[in-house]
Each structure stands twice: as structure tokens, then as C-alpha cells.
Amino acid sequence: MRYYLIAGEASGDLHASHLMQRLRQHDSEAEFRFFGGDLMAAVGGTLVKHYRELAYMGFVPVLLHLRTILRNMKMCKEDIRQWQPDVVILVDYPGFNLDVAKYVHRLQMETKGTKFKVYYYISPKIWAWKEYRIKRIKRDVDEMFSILPFEVDFFERKHHYPIHYVGNPTAQEVREWLDTNQSALASGGVGSRAVIALLAGSRKQEIKDNLPAMIAATSHLADRYQLLLAGAPSIEPEYYEQFIIGTPVRLVVNDTYRVLSEATAALVTSGTATLETCMFRVPQVVCYKTPQAWFIGVMKRIVLSVKYVSLVNLIADREVVRELVADTFSVDNIRSELERILPGGNDRQRMLDDYEEVHRRLGESHAPDRAAAIMVELLGRERSRR
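Here's what I pulled together on the structure shown here. Each chain has its residues counted from 1, running along the sequence as written. Per-residue local features of the predicted model are confined to residues with pLDDT of at least 70, and side-chain atom pairs are confined, for both listing and counting, to 80 or more; whole-chain, interface and lining totals are unaffected and use all residues. For the side-chain quantities, the full set of heavy atoms in the structure was used; hydrogens and water were omitted.

### What to know about the overall build of the protein
Thinking step 1. The helix and strand labels rest on DSSP assignments: H or I over at least four residues marks a helix, E over at least two residues marks a strand, and numbering proceeds from the N terminus. Per the secondary structure count, the protein includes 18 helices and 13 strands.
Thinking step 2. Throughout, exposure labels follow a simple rule: accessible area from a 1.4 Å probe, protein chains only, divided by the maximum for the residue type, with under 20% read as buried, over 50% as exposed, and the rest as partly exposed. Across the 386 residues in the protein, those meeting the buried criterion constitute 55%.
Thinking step 3. The contacts of the protein with a sequence gap of at least 6 include a subset with a gap of at least 24, amounting to 68%.
Thinking step 4. To be clear on the numbers: accessible area is Shrake-Rupley with a 1.4 Å probe, and residue cover counts the displayed protein chains and nothing else. Entry remark: accessible area of the protein is about 17,200 Å², with carbon and sulfur atoms responsible for 50%. Working rule for contacts: check all heavy atoms of both residues, and any pair within 4.5 Å makes them a contact.

As C-alpha cells, this is what we get:
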């Protein structure tokens with residue numbers, strides 16, 4: 001069967017590549033065409049557009065690149081129409097992907113039942129923001145594959161939209177990485193001093209807004225700790241230089257798991273990185289300052305449908321990690337909260353204990369394999385009806 005996948009950022013590239021590997025195991029004739037990244041390309045198929053040309057964040061960057069975004073959108077839709085896949089698999093990235101889903105649904109209606117389906121792997125986080133999008137999802141998405149346990153209640157009980165909860169791929173990816181690298185970890189780390197990890201986001205706007213404060217809050221610890229900045233694969237190393245030049249921070253490119261495996265504590269922006277840090281059992285402070293975060297802080301009671309911004313707290317349904325967002329985001333607060341989770345700090349052991357509850361809730365399931373098996377089975381049924 002033909003699979004058309006769309007992933008718009010580094011984490012989506014990672015998750016989609018694992019899904020593609022499992023799809024190939026369940027469907028030996030699988031053909032792939034995709035908007036994605038290097039990891040997906042390594043699995044095989046045709047890379048139509050790299051996610052580096054898609055990942056714009058914030059009102060101003062989107063406005064400045066609107067012509068490029070619209071051109072990419074048009075190209076994607078036309079490419080899908082011409083290639084005629086059995087299924088379009090959308091991976092997170094809702095601003096782009098929900099528009100694609102709308103187009104495919106309209107195409108199905110115009111052609112009186114075009115053969116291909118729309119599956120969503122890693123559902124949009126509409127439970128936190130823009131809940132009204134559920135109407136579009138119900139209309140345009142044939143099957144939803146969720147990776148967060150609390151999403152079952154949101155979609156099925158609140159909105160009466162059945163989904164497939166397949167487990168969490170991040171949890172599985174970390175476990176597999178640890179199993180593979182166990183011997184290397186035992187042989188020693190990157191140096192004699194303990195590590196504080198800085199994970200400042202996967203987009204330039206996030207890095208610009210968060211990294212300077214992270215550096216300012218940790219520089220006084222450079223005599224005792226190595227300060228390692230985990231560079232995102234979507235960002236060229238040269239971009240980081242303007243922030244770290246003249247500081248004790250060292251950039252480690254495209255090796256976040258290695259950095260986390262050796263970290264004593266971490267400063268992390270909100271997103272998948274918070275869950276990865278938890279899976280490595282590294283105490284963390286969540287630091288998130290962007291124009292959107294300021295708006296969230298000011299309008300939280302009116303706009304947000306959730307109490308937290310980090311996946312760790314959302315999964316636990318309570319505050320496990322400290323979130324410094326909007327008016328609580330400051331160098332002094334970051335420094336103070338970091339001291340609390342360093343060895344000897346008052347909150348360190350409590351956070352490590354609470355992490356175990358998150359691990360338990362995520363379970364041991366193999367998300368990409370479960371998702372792939374369900375997808376191939378559903379598509380097989382559809383093909384047999386034709």
C-alpha cells in the first residue's frame with residue numbers, strides 16, 4: 001500500500017520514522033512518500049519537502065514566511081492528489097496538517113469516494129488549545145491514534161469521537177536507547193564533572209526566548225558542573241553561537257539522549273523534551289517564555305482547558321515538575337528552582353519518586369508497532385471492500 005506521511009518538526013520526524021519501520025514490517029509492499037526529515041528518509045521512500053522548510057513558530061515568523069507556507073501547502077495538496085496514496089498519515093503539526101485533512105476530505109467528496117483515508121498519528125493537543133478544532137477532526141479525520149492516556153477521556157467521553165490509544169512512543173524510544181547504549185554508558189561520560197542539561201526548544205523563536213535566561217541562571221555553577229546545551233537537529237549549530245559565545249556552555253549537536261543520560265538536572269522548554277527528561281529520570285525545571293507563553297499566563301483561566309503546560313504534569317494530573325511560564329519566568333526563579341533539584345536540594349528526591357507514577361501511567365506498550373498493525377488491518381479491510 002501507499003503511505004503519504006506529513007511531519008513538520010524534528011520530533012515528528014523521529015516518531016514517523018519508527019512508524020514507517022513498523023508499517024514496513026506489517027506491509028512488505030509499503031511505499032512511502034512524505035514531508036519530513038532525515039530519519040524518515042533513512043527508512044526509505046521519497047522525501048518531498050524537509051521539515052526545516054516548514055517549522056515556523058509565532059505570529060511574526062509565520063507572517064514573514066506566509067508566502068512560503070502557502071506555497072508548501074499548495075505543493076503538498078497537489079502532490080497527494082497526483083500520487084493517490086491509500087492513506088495520508090498526519091503526524092502532530094496541526095496548523096498545517098488539519099488544512100491538509102480538510103483538503104483530502106473535500107477531494108473525497110468531489111470524486112465520490114476517493115480511495116485514500118486520513119489517519120492522524122499523535123493527535124493535535126486541542127484539549128489545551130483551540131478545542132473547537134474537534135469539529136474539523138470529526139469531519140476530516142478517519143482514524144485518530146493517540147499517544148497520551150488522558151486523551152481517551154477527552155476525545156471519547158467528552159466529544160464522543162472514538163480513537164486508538166497506542167501507548168507513548170517517547171517512552172519506548174528512551175527505553176530502547178538505554179538498552180542499546182547500556183555498555184557505552186557504563187564506560188564513562190563526557191567528563192569528570194556532573195552535567196546540567198539545557199534543552200531550549202527545537203525552533204529558533206523558542207531558543208531566542210529561553211536560552212539566554214537558562215544560561216544566566218546556570219553560569220554560576222560552571223565550576224562544579226558541565227553546562228551542556230542539547231542542539232536540536234532542525235537548528236544549524238551556527239545559530240547557537242550568538243548565545244553561547246563567551247559563556248561556559250558547550251553545544252552538543254543532535255545527541256539529546258546522550259546529554260540526558262549523563263545529566264544530573266535539566267532546564268527544559270515545554271514539549272516532548274519534558275517527557276524525555278522524565279523518562280531518563282533527570283530532575284527538571286520547565287522554562288517557557290515566548291509571546292504565546294505570556295498570553296497563556298495572562299489568559300490562562302479563560303483560554304486554556306488544562307492546568308499545566310508540561311506533558312509530565314499533564315500525565316500525572318498534578319504538579320510533578322515546576323513550570324516557570326509567563327510572569328513566573330525569570331532568571332532568579334530558574335536559578336532558585338534549579339537549586340532545589342540539584343543533589344542535596346529539597347525537591348530532588350520527591351521529583352524522582354513522582355516520576356515513577358508517570359512511568360507507570362505510560363506503561364510498556366510499543367506505540368509505533370501497535371499503530372502500524374491497526375493501520376494495516378484497517379486499510380486491508382478497506383481494500384477488500386472495493
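### Observations concerning empty space enclosed by the protein
Unfilled space is identified by rolling a water-sized probe across the atoms.
Thinking step 1. Cavities and pockets were defined on a 1 Å grid built over protein atoms only: a cavity is a set of grid points that admits a 1.4 Å probe from which the probe cannot escape, a pocket is an open set flanked by protein on both sides within 12 Å along at least five of seven lines, and lining residues are those with an atom within 4 Å of any such point. Grid points are joined across faces, edges and corners, and a volume is the space filled by probe spheres set on the points. According to the stated counting rule, one finds one cavity of 30 Å³ or more in the structure shown.
Thinking step 2. Lining the largest cavity are 15 residues; nearest its centre among them are I122, K125, I147, T272 and L311.
Thinking step 3. Elements that contribute at least two residues to the lining of the largest cavity include exactly helix 1 (10–26) and helix 13 (272–279).
Thinking step 4. Residues are grouped as follows: nonpolar covers Ala, Val, Leu, Ile, Met, Phe, Trp, Tyr, Cys and Pro; charged covers Asp, Glu, Lys and Arg; every other residue, Gly included, is treated as polar. Class assignment for the residues of the lining of the largest cavity results in five nonpolar, seven polar and three charged.

### Observations concerning the packing of helix 10 (residues 204–218) against helix 16 (residues 331–341)
Thinking step 1. All axes are obtained by fitting lines to C-alpha atoms, using only the stretch in contact for helices, and the reported angles, taken between N-to-C directions, cover 0 to 180 degrees. It is at 8 Å that the axes of helix 10 and helix 16 come closest, and there the two elements cross at 55 degrees. The pairing of helix 10 with helix 16 is recorded here as oblique in orientation. In this structure, helix 10 crosses over helix 16, and the sense of that crossing is right-handed. Residue-level contacts link A213, A216, A217 and T218 of helix 10 to V331, I334, R335 and L338 of helix 16. Oblique is the label for every angle not falling under 35 degrees (roughly parallel), over 145 degrees (roughly antiparallel), or within 65 to 115 degrees (roughly perpendicular). Helix crossings fall into two classes, left-handed where the near helix is turned counterclockwise from the far one by less than a right angle and right-handed where it is turned clockwise.

### Description of the pattern of salt bridges
Thinking step 1. Should a side-chain nitrogen of Lys or Arg be within 4 Å of a carboxyl oxygen of Asp or Glu, the pair is scored as a salt bridge. Enumeration according to the criterion identifies 24 salt bridges in this entry.
Thinking step 2. One salt bridge in this structure joins D86 and R383, with 3.5 Å as the shortest N-O distance. Of this pair, D86 sits in the loop between helix 4 (66–83) and strand 4 (87–91) while R383 sits in helix 18 (residues 367–385); the two residues are 297 residues apart in sequence, bridging distant segments of the chain.
Thinking step 3. You can call D86 buried: its relative accessible area is 5%.

### Considering unusual backbone geometry
Trans peptide bonds make up most of the peptide bonds, and negative phi angles are found at most residues other than glycine.
Thinking step 1. The phi dihedral of I122 falls on the positive side, at around 75 degrees, and the residue is not glycine.
Thinking step 2. Looking at the secondary structure, you find I122 in the loop between strand 5 (117–121) and helix 6 (134–140).
Thinking step 3. Here I122 falls in the buried class, since its relative accessible area comes to 6%.
Thinking step 4. A positive phi angle is found at H160, which is not glycine, with a value near 55 degrees.
Thinking step 5. As for its placement among the helices and strands, H160 is situated in the loop between helix 7 (151–158) and strand 7 (164–165).

### Focus: helix 11 (residues 237–244)
Thinking step 1. When we look at burial in helix 11, the residues that qualify are Y239, Y240, F243 and I244. Buried residues of helix 11, seen end-on, are gathered within an arc of 125 degrees and therefore sit on one face of the element. Along helix 11, exposed side chains directed more than 90 degrees from the buried face belong to E238 and Q242.
Thinking step 2. Next to the buried residues of helix 11 lie helix 10, strand 9 (225–231) and strand 10 (249–253).
Thinking step 3. Backbone geometry just downstream of helix 11 places G246 in the positive-phi region, at approximately 80 degrees. In this context, the arc is that of the directions from the helix axis out to the C-beta atoms.

### Focus on the pairing of strand 8 (residues 194–199)
Thinking step 1. Extensive coverage of strand 8 is indicated by the burial of five of its six residues.
Thinking step 2. Pairs of strands are assigned from DSSP output, requiring at least two bridges between the strands. The sheet contact formed by strand 8 and strand 9 spans five bridges and is parallel. Residue pairing for strand 9: A197 is matched across the bridge by L228.
Thinking step 3. Look down the strands so they point away from you; if going from the first strand over the helix to the second traces a clockwise path, that crossover is right-handed. A crossover connection joins strand 8 to the parallel strand 9 through helix 10; in handedness this β-α-β unit is right-handed.
Thinking step 4. Of the pairings in the sheet, the one linking strand 8 to strand 11 (residues 263–268) comprises five bridges and is parallel in character. Bridged to V195 within strand 11 is A263.

### Considering the nonpolar core
Thinking step 1. Residues grouped as a nonpolar core are buried Ala, Val, Leu, Ile, Met, Phe, Trp, Tyr and Cys residues, joined through side-chain atoms within 4.5 Å. If you look at the biggest cluster of nonpolar residues, it comprises 130 residues, and the most contacted ones within it are Y3, L5, I6, I89, V100, Y121 and L211.
Thinking step 2. Residues contacting Y3, with those up to four places away along its chain left out, are L23, D27, A30, E31, F32, R33, W83, V87, I89, V376 and L379.

### Observations concerning the sheet that holds strand 10
Thinking step 1. Spatially, the six strands line up as an open sheet ordered 10-9-8-11-12-13, and their pairing is parallel. In this open sheet, the two edge strands, each paired with only one partner strand, are strand 10 and strand 13 (322–325). Recorded for the sheet is a direction-independent mean angle of 25 degrees between the axes of neighbouring strands.
Thinking step 2. Bridging between strand 12 (residues 284–288) and strand 13 involves four bridges; their strand directions are parallel. Looking at strand 13, one finds that V285 is bridged to R322.

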